[in-house]
Structures are given as C-alpha cells and as structure tokens.
Amino acid sequence: MAAITLENETIAHDGPRPARGMFHDTWVVARRGLVHMKRQPEALADATIQPIMFVLLFAYVFGGAISVPAGGNYREFLMGGIFAQTIVFTAFGVAMSLAYDRKNQAVDRFRALPIARGAVLGGHAVANLIKAVLPIVLMSLCGLLIGWRIRDGLVSALLGYLLLFAFAFAMIWVGILLGSLVATPEAVQGIGFAVIFPITFMASTFVPTETMPGFLKTIAEWNPVTTLSNAARELFGNPSTVAGPDAPWSIAHPIEYSIIWTIAIVAVCAPLAVRTYQRSVAK
Amino acid sequence: MSTNYAVEASGLVKRYGSTTALAGIDLEVPTGTVIAVLGPNGAGKTTGVRILTTLTDADEGQATVAGFDVRTQGNEVRRRIGLAAQDATVDPLLTGRENLVMLGELHQMRRSEAATRAAQLLGEFDLNEAADRRTSGYSGGMRRRLDLAATLVSRPDVLFLDEPTTGLDPRGRSELWTVIDTLVGHGTTVVLTTQYLEEAERLADDIVVIDHGRIIARGDARKLKREVGGDQVQVVVVEPGHLPEATRLVAEITGVEPKVDPNARSVTAATSQGVETLVLAAKAFTEAQIAVDDMSLRQPTLDEVFLTLTGSTTDDDTPQEA
C-alpha cells in the first residue's frame, strides 16, 4: 500500500472563501439527510412499508367491524386518519436524525465549520419535510387502489395536502425538541412508542370518536390528530365525523382548529427547540 | 495573518458543574510551529481544544486563533481552522468521497471545486480504492486517514489534532507524523494533544504539560528533561564481579552515589559535566582494565519527566473529558 503523499498544491494556503449563504448551507446538510434516508432501510421502511401496512390492516382486518356513523365507506374514512398519523410521525424521524448525529459526533464536526447559523437544523427540517412527501404519495396511490377517492375537487384536495405538510412542518419542531432533550436514538424510540404512538390512537385516526366512552371521547375530540384527520377527510370529500349541535368547536371546525394547532406548535416549539438544541450541543 | 501568534490564550477557565476542567491556561503558539499539549486522561486537553475551536465557551479568560477572537468572531476562526476530534467523525453512511465533497461545500466551495479537491485528497491519502464505499466499512486506519484528509479540505491555517494517533498502528503513526511535518513545512500551525511522550518529543517545537486543568511545565523536550534532572552516565560491565569496582570509579568521577542494578550489570549516576564525564569514565575503566558492554550518556525519558512532574502517569480520578 502506498504511503500518504501530499502535493504542494494540496497544502498551499489560499485563504477562506466568501460565505455562500444560509440556503446553500441548509441544502448541503439536507442533501446529506436525504442520502441517510436512502441508506437506512429501516428508516425508509417506517416511511413506506409501515403506512401501507396500516392501510391494508385497517382496511381489510379491522375495517369490517368498524362502521362510520356518518355513513359511507370505512376505507375512505380511514385514509384521512392514516395521512394524519404519518404526518405526526414526522417528529420521530427528525428526533432520530438528531440523536444519531449526536451519537456519531457529527454535531461537533458541523459546529467547527464556517456555516450559516441554523443551517444544520434547517437541513434536518428540509430533509424531513421532503421525506414526508414519500409516504403521502405512496398512501394516496395505495388508497386509490382500495377504493379511496378525492371527491371534493382538486383545489380542495390540494388544500388538504397543504394542511398536512403544514402540520408536518410543525411536527419537525416537536422532533427537534425531542431529539435535543434525550440523549440516544433508543430513548427517542422509547418516547415515541410511549407517548406519540398512543396520542395518534386516542383520536379519530382509525375509529370514529362517536362510539368512545365519555372521558376518552372528550380527549379525542380535542386531540389535534382527530381534527387533522377530520380536516383531511373534509378536504378530500370523504366521510368524516358528524358534528352534531352539541359537538365541541374542534369537531365543528376541524380545519380552523388544525391551523390553530399548527401555528401554536410552531410558535411555542420552534424557539424552545432551537434553544434546547443549542444548549444540548454546546457542552 | 495579522499576528505572529496563531494561537494566543490567557487565563482560560472552564467548569462543568462543580468540577474544574481548566483552571487558568495561558498559551501562545507562534505561527508555523507545532505545540504538543501533553497530559493524562481528564487533564483538560480536549476541553482546551473545544474552546479554541469555538465548540464551547470558556467561563473566564480569552483566546484568539489566527488573529480572531474565539468567542466573538467564531465564524472567522472556523474559516481558518481544521479539527480532527478524538473519535473519527466522518459520516458512516456517506462514502469517503461524499464526506469530503460535503465538507468542501460547507467550507463554501463550489460543488465542482469541492469534487476536485476531494478526488485529490483521496488520491494523496491512498483512499482511491475505497473512495466510493461507505465509511462504515473502513478499517480504523482508513477512517483516521479520511478524518485527517477531511481536516485539510479547507487548507486550514491552524490545525487542531486531538490525540490523532490514538489507536493507530506504528506505521499509521509514522505516516501521520510525516504528514504533520509536511504541513508545518508549508506554514501550517499545528496544535496537537497527546498522551504519548515520544510523539510530543518527535513533533513539537514546544511542549505544554497539563494536569488537573493547569499547566505544570512547558518548554522543548530538552528543557523539560533538564528541569527534572540533568544527564545520566550509565556504564554496563561485562563481569558482574566488577560491579563494586565500577561503582567506586563512577562515584569518583561524578561525585555522587551511583545507582547499581545487578541484573542489568549497570551503574548509573547523574552528572552535570555531560560528555566530559563520559571521556573521564572511558579513561578510568580502560586503566582499571574493566571490560565494558556499554557506556552512555543519556537524558531522562519524557516518561520519567512526566512521572516526576505529575506524580503519576495514570491519573484517572478526574472526570471524563467531554
């Protein structure tokens, strides 16, 4: 094996280069995040096989036993819920990538580089937003195969997708907060299963809230996962929860309620997440 | 560069909770030289490097690197430094080439320039064959080489190497030493931490010995050795029976009571006369017709220096370095 041979040209000092800006740096970090996703089969499975499996499980295994009070096809009811659950899980992916970065000391490597402030977090956010597109597209296709349809026109459906991605953006900050608070990828997984997973089930994700017992029903009705699911159903023109005269405001106005949550999560979590992240890396 | 010192630090203090990692460190590193920071685990070496590379702020004191304040002009510092942290920090999911191209781009190069630079470094660090494989499959030595190549992507003015040869085999170590020689030959300033005394002696113009966050000695290897005690003359006789006579002769020449090691058949004594002592000893032993295996003048090893200065070489009661 040859030894290391350094040419003069390799060493010659030619001075630092002018900064190319926040967007450039963010995109370089985001590209790395996308390569990571491509090369981690298990992470990719979370975004592809798992949601499709849920669609098929609920459509064919549980679906027959669940009736939609508002009437209509359960499979069409199901899709809005699965979209919402997948979007909430976006937080997971971000938290995992931050935890892996810490574990692999990548954080320090980045911090010793002359890059724009926020480019590392921004890169993770952009990569995970792009990552959120994949399962939504796959599930839409899968849904079309099992009988789900967009029944309220294209504009309304586009608004539906837009709302889902806006919520994904909010969940990214939750993920950054989570990834900065816990030390290891394993801990992220633990919290994900203990907290995020149940939250997505105590909602109208898979079953209508109408049949839930009183206490749980109240929780579910105010759970933003419920309203995000219902908002998606409404915008796609699918059967959803019937908002009776005594239904809480959240159920009567799922779109508005989801938008409020999106803004609130970003407003609270983003500054908190950035501060927590910075404290977690600057030891 | 606007200053004659690549690194200037004064009064650096860093505490983690109730433990003090650095208890007031002053450091000046002239541009184009190598400084070795020598100390046991937990002495504060890594903390010092983290402050100088802007990864963490000192609680007290100030420092400039390449003429820029590490606290207030962090980005200017980062544009001019390279850092090889203790654990190789190349990205395991990216290939060697992808790692270097990304770092080039984050050093604000255009993508094509970063790609050219990566190809060049991969060739020079003998990584052409592995260039397009993920680094998770690299051997320890390959990863170290890539890590060093990564620090050179930006052609840094000041290079920080935190225990760069830990875990390297002797060949890898001597390769790295050669690289450092070459870099310094081209004007790069190198700040190196190490636990290996031999390494500090081989590479550094200046050695700083730290323990418990304090500098306990500094200077070149010769100076440190002198501080601990001067040269020693050592005579090894062929016949063990000649030891008492040899001891008497050495005592006469040096004026001190020699140390006798019957197993090694050696007589050792400190001397301040240097080579003159050796000449006198050679003459005395020839006249006394005592057969000699070896007669030498030696300086104390840096290990002995370190032991004398710190009282211990494996001082592990301080907290782990972060």
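All values reported here derive from a predicted model rather than from experimental measurement. (Residues numbered from 1 in each chain as written. Chains lettered and ligands numbered in written order. Predicted model: local features only at pLDDT ≥ 70, side-chain atom pairs only at ≥ 80, totals over all residues.)

S.K.: Describe the sheet that holds strand 4 (residues 60-65) of chain B, naming the residues involved and giving the relevant values.
M.R.: Residues and elements named next belong to chain B. Spatially, the four strands line up as an open sheet ordered 2-1-4-5, and their pairing is antiparallel. Both outer strands of the open sheet, strand 2 (19-30) and strand 5 (68-69), are each paired with one neighbouring strand and no more. Inspection of the sheet shows strand 4 paired to strand 5 by two bridges, in the antiparallel sense. Bridging from a neighbouring strand, Val-65 pairs with Phe-68 of strand 5. Each of strand 1 (5-16), strand 2 and strand 4 touches helix 1 (residues 45-52); the most contacted strand, strand 1, lies at about 120° to it. (Pairing = 2+ DSSP bridges. Helix = DSSP H or I, 4+ residues; strand = E, 2+ residues; numbered from the N terminus. Contact = placed C-beta atoms within 7 Å. Axes fitted to C-alpha atoms, helices over the stretch in contact; angles between N-to-C directions.)

S.K.: Requested: an account of the sheet that holds strand 12 (residues 259-261) of chain B, with residues and values cited.
M.R.: Residue and element names in this part refer to chain B. With antiparallel pairing, four strands are arranged side by side in an open sheet as 12-13-11-14. Two strands in the sheet have a free side with no partner beyond their single neighbour: strand 12 and strand 14 (292-298). Across the sheet, the mean angle separating the axes of adjacent strands is 15° when strand polarity is ignored. Bridge count for strand 11 (residues 231-237) against strand 14 is six bridges, and the pairing is antiparallel. For Val-233, the partnering residue across the bridge sits in strand 14 and is Leu-297. In the packing of helix 9 (residues 243-254) onto the sheet, contacts are made with strand 11, strand 12 and strand 13 (266-271), and the angle to strand 13 comes to roughly 10°. Helix 10 (residues 275-287) rests against strand 11, strand 13 and strand 14 of the sheet, and its axis sits at about 165° to strand 14.

S.K.: Which residues make up the packing of helix 2 (residues 22-39) of chain A against helix 8 (residues 119-146) of chain A, and what values go with them?
M.R.: All names here are of chain A. At a minimum axis distance of 7 Å, the contact between helix 2 and helix 8 shows a crossing angle of 50°. On the basis of their axis angle, the class for helix 2 and helix 8 is oblique. Remark: the crossing between helix 2 and helix 8 carries right-handed chirality. For the pair helix 2 and helix 8, contact is made by Met-22, Asp-25, Thr-26, Val-29, Ala-30, Gly-33, Leu-34 and Met-37 and by Ala-119, Val-120, Gly-122, Gly-123, His-124, Val-126, Ala-127, Ile-130 and Lys-131, respectively. Among the residues forming the contact of helix 2 with helix 8, the class breakdown is ten nonpolar, five polar and two charged. (Parallel < 35°, antiparallel > 145°, perpendicular 65-115°, else oblique. Left-handed = near helix turned anticlockwise from the far one by under 90°. Nonpolar A, V, L, I, M, F, W, Y, C, P; charged D, E, K, R; others polar.)

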